[in-house]
Structure formats: structure tokens, C-alpha cells
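One-letter residues, chain by chain:
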Amino acid sequence: MSTLKQLLDNNKRWSAKAKEQDPQFFEKLEAIQRPEYLWIGCSDSRVPTNQIVDLAPGELFVHRNIANQVVHTDFNCLAVVQYAIEVLRVKHIIVCGHYGCGGVAASLGHDEYGVVDNWLRHIKDISFANQLELNGLCEQDKINRLCELNVIAQVQNLTRTKAAQYAWDRAQTLSIHGWVYSLHDGVINDLQVTASSREAVDDIYQLHQTQRGKRPNANF
Ligand code: CO
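In this report, the structure presented in the accompanying data block is examined. What you see is a predicted model, and the numbers here were worked out from it, not measured in a lab.

Right, let's get into the nonpolar core. L38, I40, V81, I85, I93 and L158 are the most contacted members of the largest nonpolar core, which has 27 residues in total. A per-element tally of this core places helix α4 (residues 75-86) first, with five residues. Beyond its immediate sequence surroundings of up to four residues, L158 is in contact with I40, V70, V81, I93, V95, A164 and I176.

A separate point is the packing of α4 against helix α9 (residues 162-169). Packing of α4 against α9 brings their axes to within 9 Å, and their N-to-C directions diverge by 15°. Taken together, the axes of α4 and α9 lie roughly parallel to each other. Remark: the crossing between α4 and α9 carries right-handed chirality. Residue-level contacts link V81, Q82, I85 and E86 of α4 to A163, A164 and A167 of α9.

This paragraph deals with the coordination of the cobalt ion. Around the cobalt ion, the protein supplies C42 (SG), H98 (NE2) and C101 (SG) as donor atoms, at distances of 2.1 to 2.3 Å. Look at where the donors of the cobalt ion fall in the sequence and you get C-x55-H-x2-C. Taken together, the residues C42 in strand β1 (residues 37-42) and H98 in strand β3 (residues 92-98) connect sequence positions 56 residues apart. For the residue pair C42 and H98, the accessibility class agrees, reading buried in each case.

Rules of the game
- Residues numbered from 1 in each chain as written.
- Predicted model: local features only at pLDDT ≥ 70, side-chain atom pairs only at ≥ 80, totals over all residues.
- Heavy atoms only, no water.
- Core = buried A, V, L, I, M, F, W, Y, C linked by side-chain atoms within 4.5 Å.
- Buried < 20%, exposed > 50% of the residue type's maximum accessible area, 1.4 Å probe, protein only.
- Helix = DSSP H or I, 4+ residues; strand = E, 2+ residues; numbered from the N terminus.
- Contact = heavy atoms within 4.5 Å.
- Axes fitted to C-alpha atoms, helices over the stretch in contact; angles between N-to-C directions.
- Parallel < 35°, antiparallel > 145°, perpendicular 65-115°, else oblique.
- Left-handed = near helix turned anticlockwise from the far one by under 90°.
- Donors = N, O, S within 2.8 Å, 3.2 Å for Na, K, Ca; no water.

Okay, here's the thing in C-alpha cells:
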């Protein structure tokens, strides 16, 4: 009870302060949403999205889930990605993981946590696919390297979406970036895996819009 009262009191103070610093702050925000960036990050409370890149409200479109994943059957994430690309026309999508991610660490273990085990199975698959590299590392390095490999895999997953590929077909400017944030010093490591065209998409994942009136020849 007292905690929630504290939050509502905090909110009143924050609102008053924002209006004091810029009397038009809320009018301007209300009028338009035109962020240039979509941020896909971890739900972890220690990674406050706007703060770590010092951007104001209205400048980042945000999707967060445990261990910053882009799963091909997750319609929540896919809807965010499609809306961001096709309606907001963001120029950049940033997948930002963080070193020491609890979700990534859990995926390397054998404990049960509940439904989240199924969600983290995707990361277990990434660790299995990279076991040769990971097995040579100490526990901490293994977690941190898997945090990087996970971000790289999610960047790839984004390039494999229809929304991204059709945007590139329209010559729409769209770059997909992979970053990892350090809880230790607050600095972001750019993994230099930026994808900006269909060239980043492996052949098997290339999608082509079916021509109007023509049905693809397939029975599922
Ligand atoms: Co995390």
C-alpha cells in the first residue's frame, strides 16, 4: 500500500517538474509519436532503456521481454516490429542484451523456473549450437559470450522477418544493430553485426511477396 502511494506521489512530482522545465512538454509529446529507433531489450529492471542512451520520452519505441528475444512465433514482438517498420518507419532497430543476463545464465543450467523455461529454451538451443566455443570458457565468460551470441541470433531473426525484408525491397532505410550493455560500468558494446540489406539474409530465409492473384503452390 505505502509503496504504491509512494509511486503515485513520485509521479505527481515528476509531472510537475517536467512542466516546470518545459511548459509545453506534454502537449508536444501528445501531438506526435515519431521515434527513429525501435529498442528490443531485456525486461531486467537494471537496464532502463531511455536512460542508458539518454533519450527523452517519444524518442524510442520499446519492446522488452526476458533475455531480449525475437521469436518467429511471438506475435507480440512481431506486431511491434511490423508496426515500427511499416507505420512508424523507424530507421534503426537495436537489439540490446546485457552481460550477466539472468535469463541467459538460467538457460545454461538445469533448474526449473516455470513457463519461462520454455521461453529460455530458444537460448539453450543457441548454446547447444555453439557448445564447442562455449565449453572452452569459464562459467562467467560462458554466460557473457552467450549473451553476445544470443543478441547476434536475434539480429539474424529480425533480418528474417517479412517486415524487414519487404522494407529493404521498398528501399526503405532500415538498419538492425546488436549491442550488449554492461551492468558493471553502464557502457554499451556494439557487436558490429549491423544488417542493412537483404545481403545479410541467408538464402533459405529469403522471402518474396507472392504476386497478386497468384497462390503459392504448397499444401501444409
Ligand atoms: Co536479462
